[in-house]
Amino acid sequence: MKPFVALIKRDLILGLRKKSQIYQPLVFQLLVVTMFPLGLGSGAKTLAMIAPAVIWILALLASLLTLDQIFKNDYDDGSVESYVLTSFPLPLAVLAKVIAHWLLTGLPLVIFSPLIAVLLHLPSSSIAVLMFSLLIGTPIFSFMGSIGSALTMSLKHGGLLLTILVMPLLTPVLIFGASAVVESSLGNSASQPLLLLGGLLVMSFTLIPFASAAAIKINLE
Amino acid sequence: MSIIEAIDINCQRGYYFLFNPVSFALDRGQSLLISGPNGIGKTTLLESIAGLRRFQQGSVNFDGKNILNCKDQWFDQSLYIGHKTGNKKELTCLENLLYFLQIQGVEINQEQAEQTLAAVGLAGFEYHMAGRLSAGQKKRLALARLVVVDFLVWILDEPFVNLDVAGCDWLMSVLKKHLNNKGLLIITAHDNRAIRNQVSQELVLQANLQ
C-alpha cells in the first residue's frame, strides 16, 4: 500500500504548493453566487427557492474547472509513466489520484457550502443536509472526472471536450443532490435521494478506477 | 537462453508500420543501441518495449515469457527513462527522487537520496524546486533513478541529450558499470559515436516502404 499513500501525499504537496487548484473553484463559486441577488433582485424568498439548485450547479461547475488537471499535468511532465510502468495496479493509482483531487477541490467546497447557503437564504435547517449531500456527491465528480481527464490528457485544450464527455454522467448527481436539499427545505425526509447518491458513490468507487485505468492505457498508445 | 528476446516486432503509427520488423536477443551484460534517422520510430519502439504501448506485430519475451503475460515482473525489473523526464516542477529534487521511488515501491532513506543526488552532480540542489533547474540538471535528476536502485534492464531514450561533457562522461561510466554488473541496456543516442564502441549490438531501423 506504500505507493498508494505516496501518490496521495505527493499530489497533496503539489496541490498545496500550487494553490490555484484549491482557491479557483472557491472564488468562482463566491463570485457567481453574489451575482444572483443582483440579477434576480426579488428578495429572500425567491433566493431560498432556487438556492438548492444554484448551490449544486455551482458545485458542479466549480468542480469542472479543475477536473482536467487530474492526469493532464502528470501526462505533460511524464510522471504518469511512474505509476503506469510499475507492478502497482493502475486502478489503485487512479483511486489515489482521485482521492487527492477530492481532498484538494471537493472537500473545500463542502466546508464552504454553509457560507454560500447563507448568502442564498437557504433555511438553516437544511444546511446539514446540504453539507452531507455535497460530502457524498462531490467525490463522484472527481471519480467521473478522472475518466474524462484520462481520455483528454494528451490534448492541449481538452477542457471543453472533457466537459461535454463528463457533464451527462454528472446529471444524476445534480438531480439527486439538489432534490435532497429541496426535500429537506420543504420539511420532508431527504433520505431517498441521499441513498441514491450514496449508491452512485459506491458504484463510482468500485467501477471507475478500472475505466480510468483503461482510458490512460488507450491514451498512451 | 537470452533474458530478452524480441521476435519480429513492429510498431504502427496510424495505419502504417514504422519500420521493417526487427528481432534481437540480449543476455546479461549485453547492450543494444537502436539507431536510425529521425522519425523512424526509435522512441515508439522503446516505449513499446518498456510497456507503455502495445506492439502491433511480434512479441518480446522476458526470461522466456511474453512481457504482456508477466507485466509485474517486467515492470519490477526494468526502468524506462524517456524524453519526458517525469520530474514534478513544484517538488524539490529530493522529493522528486523519493516520491518517484516510493510510487515504484522502493523505499530509501533521506541520506541515501542525498548521496545519490550528490553522485549525479546535484549536491547543493537538494531543496531546489525541480522547475528551476536547467535542462541538463533536470536530466541528471531523472538519471539519478538509475544509480539508486538495481533495475536489471535499463531502457534509455536519448539519455545524453542536454548533458554537458562531464555529464556525458559520468553517464558513460554508469552505463559501463551497469553492464559489468551483468545488467542489460537498450539505448538510443543521437550522437552515438562514443556509445557505439561500448554496446554489444546495434540495431539500425529501416523504413517500411510498403
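Everything numeric in this text was worked out from a predicted model, so none of it was measured.

Colleague: Can you tell me about the overall build of chain A, naming the residues and giving the values?
Modeller: Within chain A one finds nine helices and zero strands. Written out in order from the N terminus, the α and β elements of chain A read α-α-α-α-α-α-α-α-α. Taking 2.2 N^0.38 as the reference for a compact globule, 221 residues should give roughly 17 Å; the C-alpha atoms of chain A span a radius of gyration of 18 Å, in line with that estimate. By its C-alpha atoms, chain A is 55 × 35 × 30 Å across when sized along the principal axes. Per-residue burial over chain A gives 48% buried out of 221 residues. Taking all contacts inside chain A whose residues are at least 6 apart in sequence as the whole, residues at least 24 apart take part in 81%.

Colleague: Please provide a residue-by-residue account of the sheet that holds strand E8 (residues 78-81) of chain B, values included.
Modeller: Residue and element names in this part refer to chain B. Spatially, E8-E9-E10-E5-E11 is the arrangement adopted by the five strands of the open sheet, whose pairing is parallel. Both edges of this open sheet fall to E8 and strand E11 (201-204), since each of them pairs with a single strand only. Looking at each pair of strands side by side, their axes are set apart by 15° on average, direction ignored. Taken together, the four bridges between strand E5 (residues 31-35) and E11 define a ladder with parallel strand orientation.

Colleague: Give me the lowdown on the nonpolar core, citing residues and values where you can.
Modeller: Counting 120 residues, the largest nonpolar core has Ile55(A), Leu97(B), Leu117(B) and Ile155(B) as its most contacted members. Looking at this core element by element, the count peaks at 13 residues for helix H6 (residues 90-119) of chain A. Once you skip the residues sitting within four places of it in the chain, Ile155(B) turns out to touch Leu46(B), Ile49(B), Ala50(B), Ser78(B), Leu79(B), Tyr80(B) and Ile186(B).

Colleague: Please give an account of the interface of chain B and chain A that cites residues and values.
Modeller: In this complex, chain B contributes 25 residues to the contact, which on the side of chain A involves 22 residues. In terms of residues, the side of chain B that touches chain A owes the most to one element, helix H3 (residues 93-103) of chain B, which gives four residues. When its residues are assigned to classes, the side of chain B that touches chain A shows eight nonpolar, eight polar and nine charged.

Colleague: Just give me the short version of the sheet that holds strand E7 (residues 65-66) of chain B, but keep the residues and values in it.
Modeller: Residue and element names in this part refer to chain B. The strand order across the open sheet formed by four strands is E4-E1-E6-E7, and the pairing between neighbours is antiparallel. For this open sheet the edge positions go to strand E4 (22-26) and E7, each flanked by a neighbour on one side alone. The pairing of strand E1 (residues 4-10) with E4 spans four bridges and is antiparallel. Among the inter-strand pairings, Glu5 is bridged to a residue of E4, identified as Ala25.

Colleague: Requested: an account of helix H3 (residues 43-67) of chain A, with residues and values cited.
Modeller: The first and last C-alpha atoms of H3(A) sit 34 Å apart over 25 residues, in line with the 36 Å expected at 1.5 Å per residue. For H3(A), the principal kink sits at Ala51(A) and spans about 50°; a proline, Pro52(A), occurs within the next four residues.

Colleague: Please provide a residue-by-residue account of helix H5 (residues 135-148) of chain B, values included.
Modeller: Residues and elements named next belong to chain B. Counted at 1.5 Å a residue, the expected span for H5 with its 14 residues is 20 Å, and the 21 Å between its end C-alpha atoms agrees. Of all bends in H5, the biggest is about 25°, found at Ala142. Counted residue by residue, H5 has eleven buried out of 14 residues, so it is predominantly covered. Within H5 the residues assigned to the buried category are Gln137, Lys138, Lys139, Arg140, Leu141, Ala142, Leu143, Ala144, Arg145, Leu146 and Val148. In this structure, the buried side of H5 is in contact with E8, H3, helix H4 (110-119), strand E9 (153-157) and helix H6 (165-180).

Rules of the game
Residues numbered from 1 in each chain as written. Chains lettered and ligands numbered in written order. Predicted model: local features only at pLDDT ≥ 70, side-chain atom pairs only at ≥ 80, totals over all residues. Helix = DSSP H or I, 4+ residues; strand = E, 2+ residues; numbered from the N terminus. Rg over C-alpha atoms; globule rule 2.2 N^0.38 Å. Buried ≥ 20, exposed ≤ 12 C-beta atoms within 10 Å, placed from the backbone. Contact = placed C-beta atoms within 7 Å. Pairing = 2+ DSSP bridges. Axes fitted to C-alpha atoms, helices over the stretch in contact; angles between N-to-C directions. Core = buried A, V, L, I, M, F, W, Y, C linked by C-beta atoms within 7 Å. Nonpolar A, V, L, I, M, F, W, Y, C, P; charged D, E, K, R; others polar. Expected span 1.5 Å × (residues − 1). Bend = angle between axes of the 7 residues up to and from the residue.

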